[in-house]
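One letter stands for each residue in the lines below.
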Amino acid sequence: MNYSVKIDKKWQKRWEEQSLYKFNKDRIAKKLYCLPMFSYPSADKLHIGHWFNYGLMDVWSRLKWMQGYEVFQPMGFDAFGLPAENYAIKTGIHPRLSTMQNIDFMRKQLKAMGLICDWDYELSTCSKEYYRFTQLLFLKLYEAGLAYQKEAPVNWCPSCQTVLANEQVTEGSCERCQSTVTKKNLRQWFFKTTAYQAELVDCLKELDWPNETKRIQTHWIGRSEGVYVKFSVPKLQQELTVFTTRVDTLYGVTFLAMAPEHPLVAQLALPEYQEQVKQYVEAAKEQSERERMAGALGDKTGIFTGSYAEHPLTKEQLPIYITNYVLLGYGTGIVMGVPGHDQRDALFAKQYKLPIKKVVGENGEQEREVLINSAEFNGLQPKEAKQHIAQELAQRQLGGPGTEYRLRDWLVSRQRYWGTPIPIIYCPACGAVPVPEDELPVVLPDDVSFTPDGESPLKKCQTFMSVNCPKCNASATREADTLDTFVDSAWYFLRYPDNKNNSEPFDQKLINEMLPVDMYVGGREHAAMHFLYARFITKALRDLGYLNFGEPFRSLIHQGVILGTDGQKMSKSKGNTVSPDQYVEKYGADVFRMALMFGFAFREGGAWDEGFVRSITRFVGRMEQLFCELPGQTSSETIVNQKLDALRHRVIQKVTQMIERFQFNNAIAQLMELCTALGNYKAAGANFNKPFYRELLADFVRLLAPLAPHLAEELWSTLEHENSVFKEQWPNYDPKKLELSEIEWALQINGVVRQKLLLDSSIANKEDVEQVVLASEKVKPYLAGKQVLKVIVVPKKLVNIVLK
RNA sequence: GCCGAAGUGGCGGAAUAGGCAGACGCGCGCGACUCAAAAUCGCGUUCCGUUCUCGGAGUGUGGGUUCGACUCCCACCUUCGGCACCA
């Protein structure tokens, strides 16, 4: 064991003995909930990405700690999921066993990082104590109508004879056998995320989240404001409603198009068209969704129903087509075809020789596009026309404004074993019956066999499946599906602060005090998944009376991705993975985490490079030199070196700012500067003052502490301190001491820097500066024979003389 | 196709309420120490020219606004990400 690793172990042991990082609930008023996204214990150990996420968030948390916050930074495991199950099928090792082993290993690795973490709050989603309450939350959502069942297409591998999760489908093929995946309709469980679609969009603006992430969610939810328009089919005494965002193009409608699955299809198809329509619809159903949506703008096909609808305003007869490009799940499943102003309608119209009518265009003298061929609305700009036509429709009761969303409900059932069992019982007499709350948890059985025969292990487990109906006691069967692991992770941050609660998911009063999470750090790949699901669950629980807040994560930051040295994503198959352990064992935790800090912009990430460790190793070496063999001096008086003191205050200011902004690379750069300056001061000898130097060293260690906690403790102890440096307060800078008695100004002539001028800091106001500069010997040569047009003074920075 | 982000030395990356571009490092070069090497320390390091002190160019490309633009505006190119028949 080398020196650095000894230091790691020494201080980790001491922190534990002193219970230094125990979360103190008495100080809850000063709480700061710092949440790095919990880890997924797949067959892998901690990888470099975990270090980047946890190690660097810990820097921020430690700064906040030293600033006096009661930091709550818990760790846990997102332990259910597919990889463990696939591993079991391959090796016969039970997912519980492999997962538990992985967790044990990862916990050791995490502890070796030396994070601020109170391990009493650890949780794991695959433990009964946790999933019991995942099941309870499911039941509460079910009671509230926010969890429901409906038939839905799922991914089906015809070769493996099994349902696949979305993650198991890669480019339309089965991950395991490469067969083309088809769709199969099965009865599935959903969470009604759409019940919160409006709020999920609207509340985004109050969150301190990256704009890109907000944008992705906004787009994912996809709100469109538009108008519903009614078209009548007089012959059949039917009415068809369409949704459009372009009601201004209403006069350009030349046909109606409806989804093949639309319930009115059979009715609209006239007898002589029935057969063809039936064939078309059947064929459309056969097509996988993938085929149907092939390419950017797939082939538009369709078939005429024989029926005509009447244009609400012009009473024109419009043919009604069944088409493959209209989706049943969005809007009304019927579209008004405007080939003049919609690319898809245009493609379709060309193929089926339907008329194309332009209703917006340039109109002679007017520059902007206006309505044409639109009766009394001609000449209006599209924006006005939208309003006028909508009004007209509303007046005649032919339509009205409406809003549609792209968001679909969240399909939460998975036909897999290694997940939270869905607490529902199917009784032949009573139907779907929820498991009574006092019978939770529905325990996931261990004695199942992992034979890849296309059936979920749970289905084959008789002792699990057969049960009596809670209502009528008749023999019944359990739901064999389990919950999507994203359900487990959608509420874990609510469980952390009260992870030992045996009677309820969490104590409401406590959670309302502890949350929302103050700072969440997790990958941007979760933008439209985890971050959205967690928001939905929070809002649902709020409305169920559990919470008094509706947004779980006040601030959010995404760490970047660390790539292999080849610039490619790290993967075992490419052989470009970099193991953190080898560095930690050789150089210690602090050097490794500082290398990660210094080598990348935190939000960007990038390719790993050996050089990062080298530069930090050297830095640490130089730093340690500062503390050795202080030149002897008897003076007990503190003699301040003004220049060095100014640097100290600037570094304090910058390091604080940089850590707060997650710019750890800049924070280290600042410390390097201070380190160099201290080294020079020490080496210079003559004016060396020991008390002053020790004062600076003390500040240096305090500033270093969040970045390199073990090292800082060690250096702190060499300064003869008994207590942990984390009992110290974060240093404050003094704005008055940032400034030197002389300030260097840049002198520009016509905007180009020509000279540097040192001026006494007492020369401050514009007139004085201008006067001194123009009189300066250094400036005179530039002025010869020229006329000064203008002098621009940027305080304490720059003077620009504009000459003619 | 639509939406978004990013383009700065050989490399990682600094600097944006418009004010000295390239901080801090890696690498490289030269020097010191050494029999030698490694390690370490010192100096140099955007490019071109140079008389060694300057001059010119320079933050993807081309324009613009301004005393002054990596930063703001317009157009374009490249890369990456999100959505993708959402009416």
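Because the structure is a prediction, the values reported are computed rather than measured. (Residues numbered from 1 in each chain as written. Chains lettered and ligands numbered in written order. Predicted model: local features only at pLDDT ≥ 70, side-chain atom pairs only at ≥ 80, totals over all residues. Heavy atoms only, no water.)

Student: Is there a simple way to explain the environment of Gln 508 in this structure?
Tutor: Structurally, the position occupied by Gln 508 is in helix 16 (residues 508-514). The class of Gln 508 is partly exposed, set by a relative accessible area of 33%. Filtering out sequence-adjacent residues up to four positions away, Gln 508 remains in contact with Gly 545 and Tyr 546. (Helix = DSSP H or I, 4+ residues; strand = E, 2+ residues; numbered from the N terminus. Buried < 20%, exposed > 50% of the residue type's maximum accessible area, 1.4 Å probe, protein only. Contact = heavy atoms within 4.5 Å.)

Student: Hey, could you run me through the pattern of salt bridges in this one?
Tutor: Two side chains carrying opposite charge are able to pair once their charged atoms lie near each other. This structure, assessed with the given rule, holds 37 salt bridges. For Arg 554, the salt bridge is made with Asp 518, and the minimal N-O distance between the two is 3.6 Å. Residue Arg 554 is located in the loop between helix 17 (530-543) and strand 27 (556-557), and its partner Asp 518 is located in the loop between helix 16 and strand 26 (519-521); the two are separated by 36 residues in the primary sequence. On the basis of relative accessible area, Arg 554 is assigned to the partly exposed category, the value being 44%. (Salt bridge = Lys/Arg side-chain N within 4 Å of Asp/Glu carboxyl O.)

Student: I'm lost on helix 12 (residues 382-395) in this one. Help?
Tutor: Working note: α-helix, 3.6 residues per turn, so residues spaced by three or four point in the same direction. Here helix 12 is 14 residues long and its end C-alpha atoms lie 20 Å apart, about the 20 Å a rise of 1.5 Å per residue gives. Those residues of helix 12 that sit buried are Ala 385, Ile 389, Ala 390, Glu 392 and Leu 393. All buried residues of helix 12 fall inside an arc of 160° around its axis, so they share one side. Turned more than 90 degrees away from the buried face of helix 12 sit Lys 383, Gln 387, Gln 391 and Gln 395, all of them exposed. Elements in contact with the buried residues of helix 12: strand 10 (223-233), strand 17 (370-371) and strand 18 (399-405). Looking at the residues trailing helix 12, positive phi occurs at Gln 397, about 55°. (Expected span 1.5 Å × (residues − 1). Arc of directions from axis to C-beta.)

Student: Help me out: how do you make sense of the sheet that holds strand 1 (residues 31-36) in this one?
Tutor: Pairing between the strands of a sheet is mediated by backbone hydrogen bonds and can be parallel or antiparallel. What the 4 strands build is an open sheet, ordered 2-1-26-27; its pairing is parallel. Since the sheet does not close on itself, it has two edges, and those belong to strand 2 (70-72) and strand 27, each with one partner. Bridge count for strand 1 against strand 26 is 3 bridges, and the pairing is parallel. The partner of Leu 35 across the bridge, within strand 26, is Tyr 520. (Pairing = 2+ DSSP bridges.)

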